[in-house]
Amino acid sequence: MRINQVGFFFLFSITVLIPDLAISQSAGLTLPQCIDEAINNNIQLNISKRSADLNLVSLDLARNAQYPSLNGNANQGFSFGKSLNPVTYQYVNQNILTNTFSLTSSLVLFEGYQLVNTIKQDKILYEAGNMDVQTYKNNITISVANAYLQVLLDYQLINIAQSSIETDKKQIDITNVMVTAGAVPELNLYQVQSQLAADQLNLTNNQNQLALDKLTLEQLMNKPDSTGFDIDKPKLADPPVHVDSVPSSLIYEQSVESQPQVKSTEMKLAGANYGIDIAKGTAYPRLLLNSSISTNYSSSRTLTSETFEQAQIGYLQSNPSEFVDGVIPVQKSSTYYFPKQIGDNIGEGFTFSLVVPIFNNYTIRANVQQATINKDIAKLNDDYTKQQFRQTIEQTYTGYLGASKQYASTLEALRTETEAYDVMKVKYKSGSVNASELILEQNKYVAAESQVAQAKYNYIFKQKVLDFYRGKPITL
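If you're wondering where the values come from, they're calculated on a predicted model, not measured in any experiment.

(A) Seen up close, the overall build of the chain. Looking only at helices and strands, one finds ten helices and eight strands in the chain. Whereas a compact globule of 476 residues would reach a radius of gyration of roughly 23 Å, the chain reaches 46 Å, over 25% beyond that. Each principal axis of the C-alpha atoms in the chain carries an extent, and together these give about 180 × 80 × 45 Å. By residue count, 33% of the 476 residues in the chain fall in the buried class.

This is how it looks when you write it as structure tokens:
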């Protein structure tokens, strides 16, 4: 008996838990999750990020150019026959092995502020590159939000189509009874059955459209097509029917300075101004400090040492047979080994170099002209970007107002059509109207429901985009 109780409890637990598990597994992705995945997986965005990294490398190069350079050099040479010994600078007729080692350093002391202005320019361009990345993210966010709402709309249209099918089935049952009773001709039954087939086709079309729109969303997220892919289906609150009208110019002024695409062009314009200063800096003298330390080795060199020895140095004039002894210096040569030569031949020095540009084939003037043209182009790009954003705000705001009015109109149309459809159903049951008139009114009612759903989601999307331009995140 206890075993049966345990078994019953186990089966009851499984029965309760399985639906919850199925719900958790089938829970779809939310809009923020779709946006994050689309941003993380977008290849073009990752390319844009790597391009911004190149700007950071350029900035590091400009900063490091302020520091001294240090280079090491090593040379090994062989000479045969009569040649100049590069170490002793004497001509010898023998095979010679030579080595030269050196460290050289150079520091720019003044160059017309080119390094300083290059650092400022590269820093601004790096920040502009980050703004370009953010612009790309914003475009992805809006595209994903649009696709997400389209999928939600598809689900809403499917619900409307399924509701119509259920209504058709009820109408068939009612009509079947009326035909059996002889209240209406059999044609009415065929007409209602035909409407059921038409609504089932409409449901299939909506389901096909849902599959296509899901695929669009998956592709924006850079995901392979999956039959298990689905989204969360939050119940969206009905938006306000009437909105307060404000000038689109005010919205533009409030939002233009926060837009990354506008910030990017403004930064690039500032960078172009530094480009002019850099080009002008090449006309100034350049002052450099150079220093070096070097040593060398030659196989032909020997180490010479001097000693003194007792030897006969002459004889007496009075007695030539009488020799005179004395101390004389004696030169001795020994091998001059590599380590000692390297240590003995170390030399150090530094020099100042001043380069004064006098005539460079008008290169400096041409560079200044090119930099000025680049600045003018950057200014035009900045003006064009702001113009495009202003037009986008105007179009979005106008569409937003139009969507709110359209939504209000569809609600009113649905209200009146609901009343007409309710009256028609009552008349049909009483036999005062035929099936054709009922079906016509039913189609008008279903069309009104679909128009309300489409107007609602269109209105919500335009509202979210307008709020996004104002700096608010897109949420549902």
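After presenting the structure, the write-up continues.
(B) Representation of the packing of helix α4 (residues 114-181) against helix α9 (residues 363-430) within the structure. Contact pair α4 / α9: the axes reach a minimum separation of 11 Å and the direction vectors enclose 25 degrees. In terms of orientation, α4 and α9 fall into the roughly parallel class. On α9, the residues that touch T167, Q171, I174, T175 and M178 of α4 are Y421, K425, Y428 and K429. Of the residues that constitute the contact of α4 with α9, the class distribution is four nonpolar, three polar and two charged.

(C) Representation of the packing of helix α3 (residues 43-64) against α4. At a minimum axis separation of 8 Å, α3 and α4 run at an interaxial angle of 170 degrees. Between α3 and α4, the angle is such that the two are roughly antiparallel. Class assignment of the residues belonging to the contact of α3 with α4 gives a composition of eleven nonpolar, seven polar and six charged.

(D) Just the pattern of salt bridges, in detail. According to the stated counting rule, one finds 15 salt bridges in the structure shown. Of the charged contacts in the structure, one is a salt bridge between D422 and K425, with a shortest N-O distance of 3.7 Å. With a gap of three residues between them, D422 and K425 both fall in helix α9, about one helical turn apart. Salt bridges here are not isolated pairs; linked through shared partners, they connect K214, D230 and K233.

(E) Broad picture of helix α6 (residues 248-255). Along α6, the residues that are buried comprise I251, Y252 and S255. Take α6 and look down its axis: the buried residues cluster within an arc of 100 degrees, on one side only. Exposed side chains of α6 directed beyond 90 degrees from the buried face belong to E253 and Q254. Residues of α6 that are buried sit in contact with α9 and α10 (435-469).

(F) Region of the structure containing the environment of D173. Along the chain, D173 turns up in helix α4. C-alpha separation for the pair D173 and L189, spaced 16 residues apart in sequence, amounts to 9.0 Å.

(G) Focus on the sheet that holds strand β8 (residues 347-355). If you trace the four strands from one edge of the open sheet to the other, you get β1-β4-β5-β8, paired in antiparallel fashion. In the strand order of this sheet, the two ends are held by β1 (69-79) and β8, each with one partner. Averaged over all neighbouring strand pairs, the angle between strand axes comes to 20 degrees, with direction disregarded. Two elements, strand β4 (residues 96-110) and strand β5 (residues 286-298), share twelve bridges in a ladder whose sense is antiparallel. Bridging from a neighbouring strand, T98 pairs with S298 of β5.

(H) Inspection of the layout of surface pockets at higher detail. Put simply, the largest pocket is a space of about 320 Å³. The wall of the largest pocket is formed by 17 residues, among which Q156, K235, L236, K456 and Y457 lie closest to the centre. In the lining of the largest pocket, the residues fall into ten nonpolar, two polar and five charged.

(I) Quick look at unusual backbone geometry. Despite not being glycine, N222 has its phi angle at roughly 60 degrees, a positive value. On the secondary structure map, N222 appears in the loop between α5 (187-220) and α6. One non-glycine residue, Y362, lies in the positive phi region at around 60 degrees.

(J) Quick look at the nonpolar core. Counting 71 residues, the largest nonpolar core has V144 and L217 as the members making the most contacts within it. Contributing elements (two or more residues each) for this core: α2 (31-41), α3, α4, α5, α6, α9 and α10. Setting aside anything within four residues of it in sequence, one finds L217 in contact with C34, V144, A147, Y148, V151, F229 and I231.

Definitions and limits used
- Residues numbered from 1 in each chain as written.
- Predicted model: local features only at pLDDT ≥ 70, side-chain atom pairs only at ≥ 80, totals over all residues.
- Heavy atoms only, no water.
- Helix = DSSP H or I, 4+ residues; strand = E, 2+ residues; numbered from the N terminus.
- Rg over C-alpha atoms; globule rule 2.2 N^0.38 Å.
- Buried < 20%, exposed > 50% of the residue type's maximum accessible area, 1.4 Å probe, protein only.
- Axes fitted to C-alpha atoms, helices over the stretch in contact; angles between N-to-C directions.
- Parallel < 35°, antiparallel > 145°, perpendicular 65-115°, else oblique.
- Contact = heavy atoms within 4.5 Å.
- Nonpolar A, V, L, I, M, F, W, Y, C, P; charged D, E, K, R; others polar.
- Salt bridge = Lys/Arg side-chain N within 4 Å of Asp/Glu carboxyl O.
- Arc of directions from axis to C-beta.
- Pairing = 2+ DSSP bridges.
- 1 Å grid on protein atoms, 1.4 Å probe; cavity = no way out; pocket = protein on both sides within 12 Å on 5 of 7 lines; lining within 4 Å.
- Points joined across faces, edges and corners; volume = space filled by probe spheres on them.
- Core = buried A, V, L, I, M, F, W, Y, C linked by side-chain atoms within 4.5 Å.

Just geometry here; none of it tells us what the structure is for.
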